[in-house]
2 protein chains.
Amino acid sequence: MAAAAPRPEVEEAAEPPWTLLSRQTDGEVTAKAPLAPPGLAGGKHRGICSRSYFLVLMVFVHLYLGNVLALLFFVHYSNGDSSGPGPAAGQEVSPDPGPAAPAPAPRAPAAPPTPALFGAPLTRLEGIKVGYKQKVELIPNKIHDVKTLSLKPLLFEIPNFLSEEECKLIIHLAQLKGLQKSQTLPTDDYEEAMEMIDVSPMDIFNLLDHNQDGQLQLKEVLTHTRLGNGKWMTPENIREMYSAVKADPDGDGVLSLEEFKQLNLRDFHKYMGSQKVKVSDLVRNSQHTWLYQGEGAHQVMRSIRQRVLRLTRLPREIVEHSEPMQVVRYDQGGHYHAHMDSGPVFPETACSHTKLITNESSAFETSCRYVTVLFYLNNVTGGGETTFPVADNRTYDELSLIQNDIDLRDTRKHCDKGNLRVKPQQGTAVFWYNYLSDGQGWVGELDEYSLHGGCLVTQGTKWIANNWINVDPSKSRQIHFHQEMARYAQEELEAQTEWTVDKSYKNVHVEL
Amino acid sequence: MAAAAPRPEVEEAAEPPWTLLSRQTDGEVTAKAPLAPPGLAGGKHRGICSRSYFLVLMVFVHLYLGNVLALLFFVHYSNGDSSGPGPAAGQEVSPDPGPAAPAPAPRAPAAPPTPALFGAPLTRLEGIKVGYKQKVELIPNKIHDVKTLSLKPLLFEIPNFLSEEECKLIIHLAQLKGLQKSQTLPTDDYEEAMEMIDVSPMDIFNLLDHNQDGQLQLKEVLTHTRLGNGKWMTPENIREMYSAVKADPDGDGVLSLEEFKQLNLRDFHKYMGSQKVKVSDLVRNSQHTWLYQGEGAHQVMRSIRQRVLRLTRLPREIVEHSEPMQVVRYDQGGHYHAHMDSGPVFPETACSHTKLITNESSAFETSCRYVTVLFYLNNVTGGGETTFPVADNRTYDELSLIQNDIDLRDTRKHCDKGNLRVKPQQGTAVFWYNYLSDGQGWVGELDEYSLHGGCLVTQGTKWIANNWINVDPSKSRQIHFHQEMARYAQEELEAQTEWTVDKSYKNVHVEL
């Protein structure tokens, strides 16, 4: 039975079309792995990116999809079988940059030689301290200020990165191409899948019970945004649901194991399906499209990619082989609740951009966006700030994001309470690293502090664009990706002279 | 009239003997500069390292020293005359490492060539994130863990940096050499100096009134530790003093400008002089000595210097030409209130280690300790932790260190309330950077988060040692320093074959 790839991140329809295509090629997953005993998740890392999060996510994805196989597969991994190679297998590193981990099942061992660039470490700009300004020459003979906004995440602001004319052109190109809804309303195709659920309430309870106190607090339920199937869950929603299914007789918002056991999970599902969902109830309320920046693209689009290259000082081929530009429009009432642009990486995780070329199958996939560059294309009349709710917090604790019915990730209600907000200013770029360094000059763990969102647009329209730079945390896979790219180019196969991302992309939209 | 160099930092008798010697060679300061108008400090940076802090410090040093000349000199600088070259003159840097600022008055333009090392940037270890562990080979074929304790300051812990035998040897050598009190009780030689004070109460008030609200809060007075003339001031002390001199009739701990104007500052002085001061009332209550680590030193002392070199990856000649090891003993009841190991750097500031060789005169001097490596030489029975009260705080605000009569810098009372405490563990080293990067691979501004102290030893004795690595924030001065060192060595002048620090040091104690 083929399992659709459960993906860890929030960007549902927001992902580029090539990712959607790739999902149809996922491999088989078998159900041989034993189910872990209840409580196995206790004592593990409990962040939004933790394995137990994945586990819970799977449980609930499967409440709808009716497929417990990938769950079992994941339980198998969570159960200690993480001996495979990979950057997240252990935090300890040797002091000198060692050789890259062996490429998992390289398809072409005799591929073209490794690009020379990969001897050098990936550059990370120095943050120095908040407020620090450094100068960069993004355009020959033109100096831009790069101001440090936070160290966690490592976040910078560059005023006048784009000219007013460039901003207008990008909006124009996006409109010509046409925008699509970033997230569609959930359907209830999954109802019948309920019948197939075969996970005990005890197991689900244990997975949800982050702090292992034998009770489910509201925030323990809320941190699992996937439970909402695209709908953003608020403390009020959960209370209403509890009330509707009579889950919480004493109305304190806390479910004991006894209360949880007496529930029929199908009642939850029926309730969820019966709720009228508006776009403003979704995780993301915006429209977007993709603009090509590779060879032959509009010279402004090319020029922006070159500026991003000079700004980040990352290897040219990595920047050139990254995603196209995403242009996003938020109308009045638009928002994007706080999220991370990329997912955590475990040994069994594949990157969307290298997965296609390395031809591996994996149930876990993320977009591996090392860097986000966000451009503000207009001045917004009201609202629409970019919020970084936990920027430069002393510690990161996912659960502490939700306190007393205030969910700091909620960008419709609580943007004012986060640590850092960037006001849209036409032409300004902000950029940050979604991953930490691995200490050896390559990509390390996901930076949990990179959590960010788009605040409610209270008046007018907000136009932004995103450039993501995709780097595989497995250096060997990234190198293999470039080798394959070079090989395709060498072979001059007609259908393969352009990189696969743009190819897939072409199939969906007319090129601009 | 010769002005003794007012020094910005707390380490009074704690400074190495060569610094004390150097203070006797300070140049003349004249009183030509006009006094700045009241309120000039308003709107400037208000950190513990701010210029206004210096200004206030001066006022009060001179309440005791009776010398307003250096104050006037400083006011002149504060009054906007900061056009001189120097790393702290502005935060903005060009993206590429530019040429170093011209050496101020180089004595020997045709000195030996610049050491090759100075082409490379000063290494800073990567922190990655709190809890991250990296491995280093400090001793051939022996791997040590380097664990990140905080990013602000950039702070690491290395267990088993020293063996038990090495710890015991260092203690033994220190005892053989003999320890001296780190800080002596204040004398009241300065009483007569009061007669010479010629600064208006209005000026003093404005300088103390950090938040410029027209009132002196207790914490505004407390942040100026120098007011105590070596005695650590607590909220209770200040209240008692106010009461004794009838400064605060309503007893709210706040002085209005009117209340302040009606005071006779001599009453303050008399009160301060009349107070019985115990060693436990001082900023620092410990004993210390210095152990030579240069050529010809005990092989263990040499070996530790080599390990520090491998740990920090700083240029060999910088490490070799840094201060000797300081060994400190805290008896039961000992402490060291929170302080910074080095001072801020302005264009007019000289570093103790390069000042001797560059032969410059400056009224402002600090020790320019880029890195502190602190070694725990024994396991302490009770207390004696190293506290970093503001480590990884989101923002640094000196005033917020004191809230509701709780002074987080007070290591006798409030160590438990700080952000980070390191428990002494025999053989463990911690090390941190007292300065930020300048973004060009050299030393930048003082890192205010490096504030740290030694908590009260509640039981037993605590032995630690410090290695400081001295780097002049003026790269050209540091290079000049090494050139001069090399020149002396070349000329083979008997008295100058060893570096000046050790020379001065020799004059004070018998060498070990």
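Keep in mind the model is a prediction, meaning the values are calculated, not measured.

Our focus in this paragraph is the state of the cysteines. Residues and elements named next belong to chain A. Here the structure, examined in full by the defined rule, presents 4 disulfides over all chains. Between the sulfur atoms of Cys-415 and its disulfide mate Cys-455 the distance is 1.9 Å. Taking the torsion about the S-S bond as the criterion, the Cys-415 to Cys-455 disulfide, at about -95 degrees, is left-handed. With Cys-415 in the loop between strand 17 (406–407) and strand 18 (420–422) and Cys-455 in the loop between strand 22 (452–454) and strand 23 (457–459), this residue pair connects regions lying 40 residues apart in the sequence. Comparing Cys-415 with Cys-455 shows no difference in burial state: the two are buried. When the bonded cysteines of chain A are counted from the start of the sequence, the pairing works out to 1-2, 3-4. Cysteine Cys-167 shares no disulfide, and the gap to the nearest cysteine sulfur, in Cys-455, comes to 20 Å.

Moving on: the sheet that holds strand 18 of chain A. Residues and elements named next belong to chain A. An order of 7-10-22-15-18 is seen for the 5 strands of this open sheet, with the pairing classed as antiparallel. Among the strands making up the open sheet, the edge pair consists of strand 7 (284–285) and strand 18. Summarising the sheet, strand 15 (residues 386–388) and strand 22 pair through 2 bridges and their orientation is antiparallel. In the strand pairing of strand 22, Thr-387 is matched with Gly-453.

Time to look at helix 13 (residues 475–491) of chain A. Each turn of an α-helix holds 3.6 residues, which means side chains three or four residues apart point in the same direction. An ideal rise of 1.5 Å per residue puts 24 Å on 17 residues; helix 13 of chain A measures up with 24 Å between its terminal C-alpha atoms. For helix 13 of chain A, the full list of buried residues reads Ser-476, Arg-477, Gln-478, Ile-479, His-480, Phe-481, His-482, Gln-483, Glu-484, Met-485, Arg-487 and Tyr-488 of chain A.

The next subject is the packing of aromatic side chains. Tallying each qualifying case throughout the model produces 16 aromatic pairs over all chains. Between Trp-290 of chain B and Trp-468 of chain B the ring centres are 6.3 Å apart and the planes differ by 50 degrees, which places this aromatic pair in the tilted class. One end of the pair, Trp-290 of chain B, is in strand 8 (residues 287–291); the other, Trp-468 of chain B, is in strand 24 (residues 462–470), with 178 residues separating them in the sequence. Aromatic ring contacts, followed pair by pair, group Phe-156, Tyr-370, Phe-431 and Tyr-433 of chain A into a single cluster. Residue placement shows Arg-369 of chain A over the ring face of Trp-468 of chain A; its charged tip is 3.6 Å from the ring centre.

Next up on the list: the relation of the copies chain A and chain B. Mapping chain A onto chain B leaves a residual RMSD of 0.1 Å; the transformation is a rotation of 180 degrees accompanied by 0.0 Å of translation along its axis. Here the symmetry operator amounts to a two-fold rotation axis. No C-alpha of chain A approaches the rotation axis more nearly than that of Arg-394 of chain A, which lies at 3.1 Å. Comparing interface residues between copies, 100% of those in chain A also sit at the interface in chain B, which points to an isologous, same-surface contact.

Attention now moves to helix 7 (residues 235–244) of chain B. All names here are of chain B. Looking only at helix 7, the buried set comprises Pro-235, Asn-237, Ile-238, Met-241 and Tyr-242. Seen from one end, helix 7 has its buried residues packed into an arc of 160 degrees, which puts them on one side. Note on helix 7: the residue one or two positions beyond its end, Lys-246, has a positive phi of about 55 degrees.

With that out of the way, let us pick up the packing of helix 4 (residues 164–177) of chain A against helix 10 (residues 299–312) of chain A. All names here are of chain A. Between helix 4 and helix 10, the least distance of the axes is 11 Å, while the angle of their chain directions is 120 degrees. Relative to helix 10, helix 4 is oriented oblique. In the packing of helix 4 onto helix 10, the handedness of the crossing is left-handed. Contacts between helix 4 and helix 10 involve Glu-166, Leu-169, Ile-170 and Leu-173 from the first element and Val-300, Met-301, Ile-304 and Arg-307 from the second.

Let us now look at the interface of chain A and chain B. Taken together, the contact between chain A and chain B spans 28 residues of the former and 28 residues of the latter. Taken together, the two surfaces of chain A and chain B that pack against each other cover about 2,500 Å², and 49% of this comes from carbon and sulfur. At the junction of chain A with chain B, the criterion picks out 2 salt bridges. The salt bridge partner of Lys-129 of chain A is Glu-445 of chain B, with a shortest N-O separation of 3.2 Å. Linking chain A with chain B are 8 residue pairs in polar contact (both at pLDDT 80 or more). Mapped by element, the contributors of at least two residues to the side of chain A that touches chain B are strand 1 (133–139) and strand 20 (435–437) of chain A. In terms of residue count, the dominant contributor to the side of chain A that touches chain B is strand 1 of chain A (5 residues). Split by residue class, the side of chain A that touches chain B holds 8 nonpolar, 8 polar and 12 charged.

Conventions used here
Residues numbered from 1 in each chain as written. Chains lettered and ligands numbered in written order. Predicted model: local features only at pLDDT ≥ 70, side-chain atom pairs only at ≥ 80, totals over all residues. Heavy atoms only, no water. Disulfide = S-S within 2.5 Å. Helix = DSSP H or I, 4+ residues; strand = E, 2+ residues; numbered from the N terminus. Buried < 20%, exposed > 50% of the residue type's maximum accessible area, 1.4 Å probe, protein only. Pairing = 2+ DSSP bridges. Expected span 1.5 Å × (residues − 1). Phe/Tyr/Trp six-rings, centres within 6.5 Å; stacked < 30°, edge-to-face > 60°. Lys NZ or Arg CZ within 6 Å of the ring centre and 35° of its normal. Least-squares fit on C-alpha atoms with pLDDT ≥ 70 in both. Contact = heavy atoms within 4.5 Å. Arc of directions from axis to C-beta. Axes fitted to C-alpha atoms, helices over the stretch in contact; angles between N-to-C directions. Parallel < 35°, antiparallel > 145°, perpendicular 65-115°, else oblique. Left-handed = near helix turned anticlockwise from the far one by under 90°. Buried area = accessible area lost by both parts, 1.4 Å probe. Salt bridge = Lys/Arg side-chain N within 4 Å of Asp/Glu carboxyl O. Polar contact = N/O pair within 3.5 Å; in protein donor to acceptor, adjacent residues only side chain to side chain. Nonpolar A, V, L, I, M, F, W, Y, C, P; charged D, E, K, R; others polar.

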